[in-house]
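These are the residues of each chain, in order.
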Protein chains: 4
Amino acid sequence: MAKRADFVESRRSKRRKQIFEGAVKVFAKKGYHSATTQEIADAAGLAKGTLYEYVRDKEEILLIVVEEGMLMVKSEIGKAISGIDDPEERMKRAIFVQLKFAKKYRNAAKVMQHEIRNLSVDGKKRLSELMNGQIELLRSILDDGIKAGRFRKLDSRIAAELFHHTSTFYFGYGDLPYQKASLDDITKFIMDNLIHAIIKEKTKEPTPVL
Amino acid sequence: MAKRADFVESRRSKRRKQIFEGAVKVFAKKGYHSATTQEIADAAGLAKGTLYEYVRDKEEILLIVVEEGMLMVKSEIGKAISGIDDPEERMKRAIFVQLKFAKKYRNAAKVMQHEIRNLSVDGKKRLSELMNGQIELLRSILDDGIKAGRFRKLDSRIAAELFHHTSTFYFGYGDLPYQKASLDDITKFIMDNLIHAIIKEKTKEPTPVL
Amino acid sequence: MAKRADFVESRRSKRRKQIFEGAVKVFAKKGYHSATTQEIADAAGLAKGTLYEYVRDKEEILLIVVEEGMLMVKSEIGKAISGIDDPEERMKRAIFVQLKFAKKYRNAAKVMQHEIRNLSVDGKKRLSELMNGQIELLRSILDDGIKAGRFRKLDSRIAAELFHHTSTFYFGYGDLPYQKASLDDITKFIMDNLIHAIIKEKTKEPTPVL
Amino acid sequence: MAKRADFVESRRSKRRKQIFEGAVKVFAKKGYHSATTQEIADAAGLAKGTLYEYVRDKEEILLIVVEEGMLMVKSEIGKAISGIDDPEERMKRAIFVQLKFAKKYRNAAKVMQHEIRNLSVDGKKRLSELMNGQIELLRSILDDGIKAGRFRKLDSRIAAELFHHTSTFYFGYGDLPYQKASLDDITKFIMDNLIHAIIKEKTKEPTPVL
DNA sequence: GATGAATGAGTCTTCATTCAT
DNA sequence: TATGAATGAAGACTCATTCAT
């Protein structure tokens, strides 16, 4: 039994958690570039030097934040749609999870939306796979719905990307003065209306005369 | 005839244009924070000191970029919908202009989407008004369509904000490796499908017998 | 008759006067280093470029201020002591002129006291001669008084330098929060007390008994 | 025993000392404004970044220099007059300490005299208290002497300020070409002559005839 | 002569990263 | 491992001086 190694590993993961939570707070308030490693270390309850024991450089901190956030959403979506068969319901739930996540992890979400572009090429690649996984999940839901004749015949990949993006919009909402709607109103709007973009309307066929 | 003043003014606006174009290039490639004033000056064909003759600080450069971009879109939308009455057509054209703009001024658009949050409170306020104007334009189109019974009865303000945001999504598209769709495909998708989120489906009323 | 040359010369001297007055205002408020040539030009009612028609560089502006100021004091002292014979009276008047000058040209005085050290070696030499002339004037008054048995036998050169410096103290007075005495009180103090440092006291010889 | 805290504190004060000594050298040679932080850091034997670990900004460096200098003089004066009762002797010693200090810390003194005006309002306030303390010390000596009938009845506050200033004159002496007297000669002059400005001359009272 | 736009060298200051303890 | 002092490269901004008009 690799008790020693386990102990080491558990400390590492505890530290990563600390860093994630500290960094989310700081990034959300000041953005990636304006945040200093000192502030992140403080928020994480670590010394600046210690930070660098667990992280190659500042970019890796951003990567931790984004990855950790993605994994959380993905896992929650998985739970939310398991056991559900109806495509429309599955789609709605998947979207709803993203919106719910935005409320709970507003800061991480904000960071994810805005700071991805600050990553290096390598960082983007590493992240791209995660986002791709999430989008493919949405896509599979859409494809099922199309096959079942419940959704419009559309490019499911693009639709998935757009839906994914729409929920990120929701994440950063409120930063600009003109953005005054409540998050709940936006949720409702998306669930009630945007969904029509994909659902095939049941056009009431004119009942035959006679 | 204030010839002198005119000359001075025309030079100022020429310089602002130079700065706009230089800054757009640099911001698009490196983002606001990573761009240096030296790089912007170089791209604008000005000396660093000259830059500061026309701009209070780095933030004002960003503001110029965003404002100029907004004004361009606004003016193009205005032209595109003038003389058109049909709400659906107006809406489609408004969206199409935004998408077209994204192709032409890809860099400015990218900057607008990503760097707004880097503005100071004052800068955000100044910008917020511009964005608000644009959103209100979309909203009025939606309201007309709702009144005419062509659009679903929905919260037109939120719808306008979402549409506005959706087109900005399009702007930054392509930055991440997984984003492989062509811009034309996305345009088509939005025009063909997303529009259903607002259009009231024409349930074919049974034509009256006789 | 060199009319043309005269005209040119009169404009030059008019400009120097403008520069002197503008620079005094600006230097007094901000000090030599913190003053910009733009501010000086503005205060002088000239364009920045025009300033450089009359002045080699910024240092020469300081030189103009200091020289002009010195010449003014010197000329006023000359007038004040002409026709007076009593050494004590002459000394008092010389000092008084310096103090009076300080009230009238407070700004120039402040500048003179503080910014001389900012001059280049050449500038210092040029100025040093002027100050030296003023000190020698005081010294000659002191020497006369010593010869006449009215002043203590002291190193008249050092005494002159110290008196000269004492009045410059007066110039900058009030800049620091603790300096609360009125200028008039200080004048009175110097005239009434400091003068005893040089005057030979008439020790009342005990009148012989009988 | 707070050994750790002590160690930290001792390093801080060691660094402040280094900065004080480096800055004094540089300021004395070039003045506050012309000195660069790089030069100061070099003179202090620190990296530029390290400088800013111990100092908020350039102004604080000046403040350190002036404060440290003041404290040194104050402490030396205290030692010099302790145990002495005769007012004239106390006054002479106080002055002498200032003069002696000028020889030993010529550079610091020069800086103190010239650069105080470059301080911000806050800096001036902070410093003003220190100078005030020193002046009040001189004043108390003067007041004692007046009460004892040894000094002329004069405004002791103004006298203290003037004496304080007179010794600062001595500090910067030698900068201008015309200033050729030796420091020792000036010391002698002040001790022998300037003191008469305050001392009440002993008019030999006729000894009562029995 | 007068002007003020243009220039770029020069400065302060910040902050990611290293490393001795 | 943990720490935080030390480092210096990098960047925003200023301003004396020049020069085309």
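Keep in mind that what you see is a predicted model, and the values were worked out from it rather than measured.

(A) Region of the structure containing the side chain of Lys 124 of chain B. Assignment of secondary structure puts Lys 124 of chain B in helix α7 (residues 121–147). With a relative accessible area of 17%, Lys 124 of chain B lands in the buried category.

(B) The arrangement of the protein's contact with DNA strand E in detail. Around DNA strand E there are 28 residues in total, and Arg 15, Thr 50 and Tyr 54 of chain B, Thr 50 of chain C together with Lys 48 of chain D lie nearest to it. Near the protein, within 4 Å, the atoms of DNA strand E are sugar or phosphate in 71% of cases. A distance of 2.3 Å is found between a phosphate oxygen of DNA strand E and a side-chain nitrogen or oxygen belonging to Arg 15 of chain B. The separation between a base nitrogen of DNA strand E and a polar main-chain atom of Gly 49 of chain B is 3.2 Å. When contributions to the surface near DNA strand E are tallied by element, the ones reaching two or more residues are α1 (3–34) and α3 (48–51) of chain B together with α1 (3–34) and α3 (48–51) of chain C.

(C) Looking closely at the interface of chain B and chain A. With 49 residues of chain B in contact, the opposing surface of chain A contributes 48 residues. Counting the surface lost from both chain B and chain A, the interface buries some 4,100 Å², and carbon and sulfur atoms represent 67% of this. Of all residues in chain B, the largest losses of buried area upon contact with chain A belong to Arg 117, Tyr 178 and Phe 189 of chain B, amounting jointly to 18% of the total for that side. If you look at where chain B meets chain A, you find zero salt bridges. Counting only elements with at least two residues in the side of chain B that touches chain A, the list comes to α1, α6 (106–115), α7, α8 (156–172) and α9 (183–192) of chain B. It is α8 of chain B that contributes the most residues to the side of chain B that touches chain A, nine residues altogether. Broken down by class, the residue content of the side of chain B that touches chain A amounts to 22 nonpolar, 14 polar and 13 charged.

(D) Representation of the nonpolar core. One finds Phe 27, Met 91 and Ile 198 of chain A together with Phe 27, Met 91 and Ile 198 of chain B to be the most contacted residues of the largest nonpolar core, which totals 135 residues. No other element matches helix α4 (residues 58–81) of chain B, which puts twelve residues into this core. Non-local contacts of Ile 198 of chain A, meaning those with residues more than four positions away in its chain, are made with Met 91, Leu 142, Arg 150, Phe 151, Arg 152, Leu 154 and Phe 163 of chain A. Core analysis: the next-biggest nonpolar cluster, separate from the first, contains 134 residues, Ala 44 and Ile 186 of chain C together with Ile 77 and Leu 162 of chain D among them.

(E) Expanded view of the relation of the copies chain B and chain A. Take chain B, turn it by 179°, move it 0.1 Å along the axis, and it overlays chain A with an RMSD of 0.2 Å. Taken together, the rotation and translation describe the operation of a two-fold axis. Measuring from the rotation axis to each C-alpha of chain B, the shortest distance belongs to Ala 197 of chain B, at 2.2 Å. When the interface residues of chain B are mapped onto chain A, 98% of them again lie at the interface, so the same face is used by both copies.

(F) Here's a closer look at the pattern of salt bridges. Residue and element names in this part refer to chain D. Enumeration over the complete set of coordinates arrives at 48 salt bridges over all chains. Note that Arg 139 is salt-bridged to Glu 136, the shortest N-O span being 3.3 Å. In this pair, Arg 139 and Glu 136 both sit in helix α7 (residues 121–147), three residues apart, roughly one turn of the helix. Residue classification places Glu 136 among the partly exposed residues on the basis of a relative accessible area of 31%.

(G) Inspection of the interface of chain D and chain C at higher detail. Listed per partner, the contact involves 48 residues of chain D and 47 residues of chain C. Roughly 4,100 Å² is buried in total at the junction of chain D and chain C, and carbon and sulfur atoms are behind 67% of that figure. The interface formed by chain D and chain C contains eight residue pairs in polar contact (both at pLDDT 80 or more). Going through the elements one at a time, α1 (3–34), α6 (106–115), α7, α8 (156–172) and α9 (183–192) of chain D are the ones with two or more residues in the side of chain D that touches chain C. Counting residues per element, the side of chain D that touches chain C draws most heavily on α8 of chain D, at nine residues. Among the residues forming the side of chain D that touches chain C, the class breakdown is 22 nonpolar, 13 polar and 13 charged.

Calculation criteria
- Residues numbered from 1 in each chain as written.
- Chains lettered and ligands numbered in written order.
- Predicted model: local features only at pLDDT ≥ 70, side-chain atom pairs only at ≥ 80, totals over all residues.
- Heavy atoms only, no water.
- Helix = DSSP H or I, 4+ residues; strand = E, 2+ residues; numbered from the N terminus.
- Buried < 20%, exposed > 50% of the residue type's maximum accessible area, 1.4 Å probe, protein only.
- Near = heavy atom within 4 Å.
- Polar contact = N/O pair within 3.5 Å; in protein donor to acceptor, adjacent residues only side chain to side chain.
- Contact = heavy atoms within 4.5 Å.
- Buried area = accessible area lost by both parts, 1.4 Å probe.
- Salt bridge = Lys/Arg side-chain N within 4 Å of Asp/Glu carboxyl O.
- Nonpolar A, V, L, I, M, F, W, Y, C, P; charged D, E, K, R; others polar.
- Core = buried A, V, L, I, M, F, W, Y, C linked by side-chain atoms within 4.5 Å.
- Least-squares fit on C-alpha atoms with pLDDT ≥ 70 in both.

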